[in-house]
Amino acid sequence: MSSVDGSAGESLEVWIDQDLCTGDGICVQYAPEVFELDIDGLAYVKGDDEELRQEPGAAVPVPLTVLQDVVDSAKECPGDCIHVRRTRDLVEVFGPDAD
């Protein structure tokens, strides 16, 4: 899938592979509601509670209101470390492992 329209109605989640994160902060510029740079200079996802999910592979739901921003951040990320997947089957729809 190459457009957000292809994921309409799907529940999606996003996670960041910190091993590949370059700390550029592009994701934070696109979707500060979902991404945040931590003191270590790397980006992390955060939930509705504003708490960073620092466990490796930790994912948070993608709010529909910022879906396009999250997708754009995955496309523009220089580290190719942002993964957006369907929650029902964990298939990546945007990011480096998407078909």
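Residues numbered from 1 in each chain as written. Predicted model: local features only at pLDDT ≥ 70, side-chain atom pairs only at ≥ 80, totals over all residues. Heavy atoms only, no water.

Caption draft 1: Focus on the sheet that holds strand β2 (residues 35-37). Spatial strand order, β2-β3-β4: 3 strands in an open sheet with antiparallel pairing. Each having just a single partner strand, β2 and β4 (52-53) make up the two edges of the open sheet. In this structure, strand β3 (residues 43-46) lies alongside β4, joined through 2 bridges in antiparallel fashion. Across the sheet, the residue bridging to V45 is R53, located in β4. (Pairing = 2+ DSSP bridges. Helix = DSSP H or I, 4+ residues; strand = E, 2+ residues; numbered from the N terminus.)

Caption draft 2: Layout of the nonpolar core. Core analysis: the largest hydrophobic core is formed by 23 residues, its most contacted members being V14, V34, F35, V70, I82 and V84. Sorting elements by how many residues they give to this core places helix α2 (residues 67-76) first, with 4 residues. Those residues within four positions of V14 in sequence are excluded, and the remaining contacts are V34, F35, V45, A58, A59, V60, V62, V70, I82, H83 and V84. (Core = buried A, V, L, I, M, F, W, Y, C linked by side-chain atoms within 4.5 Å. Buried < 20%, exposed > 50% of the residue type's maximum accessible area, 1.4 Å probe, protein only. Contact = heavy atoms within 4.5 Å.)

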